[in-house]
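# Structural overview for review
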Amino acid sequence: MHSEDGFGPKMLADIKPPFIPEGASGMTVLVEWAPGDPGTPPHRHSGPCFGYVLEGAVRWELEGEPEHVIKAGETFWEPGGEVIHYQNGNASSDVPAKYIVFMMCAPDQPMLTLVDDEELEKRAHLRAPRPTD
């Protein structure tokens with residue numbers, strides 16, 4: 001798929017999402033976080049999301065998965081639906097982070113819904129253990 005001279009398509013990710021909402025629309029968003037920005041509070045999306053980090057590094061945590069860092073040139077995805085997305089902020093306190101994300105959004109639903117403290121407490125058992133300092 002990738003030519004010998006380095007030009008042309010290059011497979012970055014091949015994901016089979018668990019579902020795509022019926023009647024979904026696609027939305028592509030450019031996200032830019034200043035150094036140290038914690039990103040969006042815990043939230044969820046109505047459909048799957050696929051992304052690529054353009055610059056810097058992003059601290060990433062989905063419900064049930066350990067927190068990790070995604071660096072420039074790496075991809076990510078999340079299934080959407082009920083899964084909580086805990087972290088998506090800048091992993092660096094020195095340089096900005098930038099990523100592009102394509103989201104499949106269910107009709108008549110917001111692209112992002114914040115999760116309240118009560119639900120976070122009810123689903124705490126689904127969160128992966130936190131890293132220790």
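Before any of the text, the structure's been laid out above.
Predicted model only: the values in this text are computed from it and were never measured.

## Considerations on the sheet that holds strand S6 (residues 75-78)
The four strands are arranged S1-S8-S3-S6 in an open sheet whose pairing can be described as antiparallel. Where the open sheet ends on each side, the last strands, each with one partner, are strand S1 (25-33) and S6. Averaged over all pairs of adjacent strands, the angle between their axes in this sheet comes to 20°, without regard to strand direction. As paired elements, strand S3 (residues 49-55) and S6 share four bridges and run antiparallel to each other. Its bridge partner being in S6, Phe50 is matched across the sheet by Trp77.

## Some points on the pattern of salt bridges
On inspection of all chains with the given rule, the structure shows 10 salt bridges. A salt bridge links Glu67 to Arg130, with the nearest nitrogen and oxygen atoms 3.1 Å apart. Placement of Glu67 in the loop between strand S4 (57-62) and strand S5 (68-71) and of Arg130 in the segment after helix H1 (117-122) is noted, with a sequence separation of 63 residues between them. For Arg130, a relative accessible area of 40% corresponds to the partly exposed category. The partner of Glu118 in a salt bridge is Lys122, and the shortest N-O contact between them spans 3.3 Å. Note that Glu118 and Lys122 are positioned in helix H1 at a spacing of four residues, about one turn of the helix.

Rules used throughout
Residues numbered from 1 in each chain as written. Predicted model: local features only at pLDDT ≥ 70, side-chain atom pairs only at ≥ 80, totals over all residues. Heavy atoms only, no water. Pairing = 2+ DSSP bridges. Helix = DSSP H or I, 4+ residues; strand = E, 2+ residues; numbered from the N terminus. Axes fitted to C-alpha atoms, helices over the stretch in contact; angles between N-to-C directions. Salt bridge = Lys/Arg side-chain N within 4 Å of Asp/Glu carboxyl O. Buried < 20%, exposed > 50% of the residue type's maximum accessible area, 1.4 Å probe, protein only.

Geometric descriptors of this kind do not, in isolation, establish any biological role.
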